[in-house]
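# Summary of structural features
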Amino acid sequence: MRAIPGENSPTPVGDVWLRPARAHKGDPPLTRARITEAAVALLDDEGMDRLTMRRLAERLDAGATTLYWHVSTKDDVIDLAVDAIFGEATVPSPTGSPRADVTALLHAWRAAMLRHPWSAAVPARRRPLIGPRFLAWMEFLQSALVRTGLPAAQVNPATWALYNHVMGSVSGQIGLRLPAAELEAGRRHLQSVAAEFPTVAAHNYIADTDWDAAFSSGLGFLLDGITAHAG
């Protein structure tokens, strides 16, 4: 149990962002910034399944006790690393076009996630994203949606529709890297069942691997719908 400063009774605080950063410790000093940089590098090199506190401490050339001084759990480390990815998705300067602003923001975030494939596991989380870089990203997105004239009650649904579009695109692109022989086998199978599934066979979705075009088209569909509901 951790007590929230200013509260009389102990309250569990599960998110690293709800706890103040602790004083530097170790030689060289271990900080949240160093932990974050090492965690992202470890995740990039070895993936989410290989992230452990022991391996991270080794990469930092620090003892486990020193690491635990700054982060309590592996989830803390993931919180820091995920927020760093949002920091790579540069928040653009607002323009006179909310649609252009949303488009630029989401393309930048998708590109950042593709540079760090482990980040596609973000949806499988137990804690909210409330790091400073994520909140700056969310502020820009939601303020752009407000500027479209979208009713207040529709801002959150529109936000999650756009968020999920990026996540789905990245997860699909990372996970569906089929070899050419398997793609061809899938195409032949679709042709063999074309009488039963004529539309599916005609469009051969298995061979559609132009992820950039699919993302852009899907984003356009979503923004068209958002625009239709705006005031």
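On a predicted model such as this, the values are computed, not experimentally measured, just so you know. Sequence positions are assigned chain by chain, starting from 1 and proceeding in written order. It should be noted that, the model being predicted, local features are given only for residues of pLDDT at least 70 and side-chain atom pairs only at 80 or more, the latter also being counted only at that level, while totals for whole chains, interfaces and linings use all residues. Hydrogens and waters are ignored; side-chain quantities use all the structure's heavy atoms.

### Re the pattern of salt bridges
Only one rule defines a salt bridge in this text: a Lys or Arg side-chain nitrogen within 4 Å of an Asp or Glu carboxyl oxygen. All told, the structure shown has twelve salt bridges when counted by the stated rule. Two residues, Arg110 and Asp212, come together in a salt bridge whose shortest N-O distance is 3.0 Å. With a gap of 102 residues between them, Arg110 in helix 5 (residues 98–115) and Asp212 in helix 10 (residues 211–229) connect regions that are remote in the sequence. We note a salt bridge from Arg188 to Glu184, for which the minimum N-O separation is 3.5 Å. One end of the pair, Arg188, and the other, Glu184, are both in helix 8 (residues 180–192), four residues apart, so they sit about a helical turn from each other. By the criteria applied, helices consist of DSSP H or I runs no shorter than four residues and strands consist of E runs no shorter than two, each listed in order from the N terminus.

### Some words on the confidence of the model for the chain
A score from 0 to 100, pLDDT tells how confident the predictor is in each residue. Taken over all residues, the pLDDT of the chain has a mean of 86, while the share at 70 or more is 87%. Per-element confidence in the chain is highest for helix 5, whose mean pLDDT is 96, and lowest for helix 3 (residues 64–70), whose mean pLDDT is 85. Contacts are residue-level and defined by heavy atoms, with any inter-residue pair within 4.5 Å sufficient. Long-range and interchain partners of residues 1–13, a stretch whose pLDDT sits below 50, account for 14 contacts in this model, where long-range means more than four residues apart.

### Quick word on the packing of helix 5 against helix 10
Here an angle of 0 to 180 degrees is reported between the N-to-C directions of two axes, which are lines fitted to C-alpha atoms, with helices fitted over the stretch in contact. Look at helix 5 against helix 10: their axes get within 11 Å of each other, and the N-to-C directions meet at 145°. In this structure, helix 5 meets helix 10 at a crossing whose hand is right-handed. Residues Arg99, Val102, Thr103, Leu106, His107 and Arg110 of helix 5 touch helix 10, and the partners they reach there are Trp211, Asp212, Phe215, Ser216, Leu219, Gly220, Leu223, Asp224 and Thr227. In terms of residue class, the contact of helix 5 with helix 10 is built from six nonpolar, five polar and four charged. What makes a crossing left-handed is the near helix being turned counterclockwise from the far one by less than a right angle; a clockwise turn instead makes it right-handed. In this classification, the charged set is Asp, Glu, Lys and Arg, the nonpolar set is Ala, Val, Leu, Ile, Met, Phe, Trp, Tyr, Cys and Pro, and all remaining amino acids, among them Gly, are polar.

### Regarding unusual backbone geometry
You will see that Asp61, though not glycine, has its phi angle at about 55°, which is positive. Assignment of secondary structure puts Asp61 in the loop between helix 2 (53–59) and helix 3. In this structure, Asn204 takes a positive phi of about 45° despite not being glycine. Structurally, the position occupied by Asn204 is in the loop between helix 9 (198–203) and helix 10.

### Some remarks on the nonpolar core
By size, the foremost hydrophobic cluster in this structure holds 52 residues, and its most contacted members are Leu56, Leu67, Leu106, Trp109, Trp137 and Leu162. Looking at this core, the elements that each hand over two or more residues are helix 1 (32–46), helix 2, helix 4 (74–88), helix 5, helix 6 (132–147), helix 7 (152–175) and helix 10. Broken down by element, the residue count for this core peaks at eight residues, all from helix 4. In this text, buried Ala, Val, Leu, Ile, Met, Phe, Trp, Tyr and Cys residues form a nonpolar core when linked through side-chain atoms within 4.5 Å. Only protein chains enter the area calculation, which uses a 1.4 Å probe; residues under 20% of their type maximum are buried, those over 50% are exposed, and those in between are partly exposed.

### Side note on the packing of helix 6 against helix 7
Where helix 6 meets helix 7, the closest approach of the two axes is 10 Å, and the angle between their N-to-C directions is 120°. Here helix 7 runs oblique to helix 6, going by the angle between their axes. Crossing hand, helix 6 versus helix 7: right-handed. Only Val155, Asn156, Ala158, Thr159, Trp160, Leu162 and Tyr163 of helix 7 make contact with helix 6, whose side of the interface consists of Phe134, Trp137, Met138, Leu141, Gln142, Leu145 and Val146. A per-class count over the contact of helix 6 with helix 7 returns eleven nonpolar, three polar and no charged. Any angle that is under 35 degrees is reported as roughly parallel, and any over 145 degrees as roughly antiparallel; angles of 65 to 115 degrees are reported as roughly perpendicular and all others as oblique.

### Considerations on the side chain of Thr36
Structurally, the position occupied by Thr36 is in helix 1. Judged by its relative accessible area of 15%, Thr36 falls in the buried class. At 2.7 Å, the side chain of Thr36 forms a polar contact with the backbone oxygen of Arg32. If we skip the residues at most four places from it in the chain, Thr36 touches Leu80, Ala81 and Ala84. Polar contacts, as used here, are pairs of N or O atoms within 3.5 Å; protein pairs need one atom able to donate a hydrogen and one able to accept it. Residues neighboring in sequence count only if both atoms are side-chain atoms.

### Overview of helix 7
Because an α-helix completes one turn every 3.6 residues, residues spaced three or four positions apart along the sequence face the same direction. A helix is expected to reach a length of 1.5 Å times the quantity of its residues less one. Taking 1.5 Å per residue, 24 residues should reach 34 Å; helix 7 reaches 35 Å between its end C-alpha atoms and fits that length. Every buried residue of helix 7 is listed here: Val155, Ala158, Thr159, Leu162, Tyr163, His165, Val166, Met167, Ser169, Val170, Gly172 and Gln173. Taken together, the buried residues of helix 7 touch helix 4, helix 5, helix 6 and helix 10.

### Considering the environment of His116
The topology assignment puts His116 in the loop between helix 5 and helix 6. Distance from His116 to Ala41, taken between C-alpha atoms, is 9.4 Å for residues 75 residues apart in sequence. What His116 contacts, discounting residues up to four positions off in sequence, is Val40, Asp44, Ile85 and Glu88. In terms of polar contacts, His116 uses its side chain to reach the side chain of Asp44, at 2.7 Å.

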